[in-house]
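# Residue-level structure breakdown
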Amino acid sequence: MRVEEHVKAIQSLLDLFAMQIGFSPGVFSFDGQGVKTATEVVSENSKTFQTKNSHETVIEEGIINLITTICEIAKLYKVFTVPPDYDVTVDFDDSIAEDRDANANFYLKLVNSGLMPRYMGLMHILKVPEEKARELIKEAKEEAATELPDVSEIGGGGV
């Protein structure tokens, strides 16, 4: 039927794409059976999702290093004024292919195991700059300190 023609056409395009980027034909395959939504890919923590995250990490580091280098050269040659305490962040806006709960749990585990400071975990979970994350932690501590139980209600009142 017509479905087989579409599958063959897609496979031909994938083979062409593979050759264009330096891979052998057949590296990418499409049989029409393994079609998944972005949510399914994320929820299954598939190899595709892990690879995407791994590549993003490397690309993010490269972009940050590139921007830092550009700023250092700009300072050296006085091309433009660079603030002394600038912060470079990269946001890939993966709102489609991101499970917010899984992401939050990942960073909470790192914080709770002592492998990452609290402010850094908040920066990643809430997507806020360092200053805002530290401010939120401070506010939460202050709020927790003011929420003491009323001792007259505990134990019936008398000693």
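It should be noted that the structure appears before, not after, this text.
Residues numbered from 1 in each chain as written. Predicted model: local features only at pLDDT ≥ 70, side-chain atom pairs only at ≥ 80, totals over all residues. Heavy atoms only, no water.

Secondary structure summary: the protein chain contains 6 helices and 0 strands in total. Going from N to C terminus, the protein chain has its helices and strands arranged as α-α-α-α-α-α. Considering only contacts within the protein chain whose residues lie at least 6 apart along the sequence, 29% involve residues at least 24 apart. (Helix = DSSP H or I, 4+ residues; strand = E, 2+ residues; numbered from the N terminus. Contact = heavy atoms within 4.5 Å.)

Remark: helix α4 (residues 100–112) packs on helix α5 (residues 118–126), axes separated minimally by 9 Å, with the N-to-C direction vectors making an angle of 170 degrees. Between α4 and α5, the crossing angle belongs to the class labelled roughly antiparallel. On α5, the residues that touch Arg100, Asn103, Ala104, Tyr107, Leu108 and Val111 of α4 are Arg118, Gly121, His124 and Ile125. Grouping the constituent residues of the contact of α4 with α5 by class yields 5 nonpolar, 3 polar and 2 charged. (Axes fitted to C-alpha atoms, helices over the stretch in contact; angles between N-to-C directions. Parallel < 35°, antiparallel > 145°, perpendicular 65-115°, else oblique. Nonpolar A, V, L, I, M, F, W, Y, C, P; charged D, E, K, R; others polar.)

Moving on, we come to unusual backbone geometry. The backbone of Lys78 shows a phi angle near 50 degrees, a positive value even though the residue is not glycine. Relative to the elements of secondary structure, Lys78 occurs in the loop between α3 (47–76) and α4. A relative accessible area of 73% places Lys78 in the exposed class. A positive phi angle, close to 55 degrees, is found at Lys127, a residue other than glycine. With respect to the secondary-structure elements, Lys127 resides in the loop between α5 and α6 (130–146). Residue Lys127 is classed as partly exposed on the basis of its relative accessible area of 47%. (Buried < 20%, exposed > 50% of the residue type's maximum accessible area, 1.4 Å probe, protein only.)

A surface patch of nonpolar side chains, about 1,000 Å² in accessible area, is lined by Ile59, Ile63, Leu66, Ile67, Ile70, Ile73, Leu76, Tyr77, Val79, Phe80 and Phe92. Position of Ile59 among the secondary structure elements: in helix α3. By relative accessible area, which is 44% here, Ile59 ends up partly exposed. (Patch = residues over 30% accessible without salt bridge, like charges linked within 9 Å, V, L, I, M, F, W, Y side chains within 5 Å. Areas by Shrake-Rupley, 256 points an atom, 1.4 Å probe, with all protein chains shown as cover. Salt bridge = Lys/Arg side-chain N within 4 Å of Asp/Glu carboxyl O.)

The subject of this paragraph is the packing of α5 against α6. Here α5 crosses α6 at 115 degrees, and the two axes come no closer than 8 Å. The pairing of α5 with α6 is recorded here as roughly perpendicular in orientation. As for how α5 packs across α6, the hand of that crossing is right-handed. Side by side, α5 and α6 meet where Arg118, Tyr119, Leu122, Met123 and Leu126 of the first sit next to Glu130, Ala133, Arg134, Leu136 and Ile137 of the second. Across the contact of α5 with α6, the residue classes break down as 7 nonpolar, no polar and 3 charged. (Left-handed = near helix turned anticlockwise from the far one by under 90°.)

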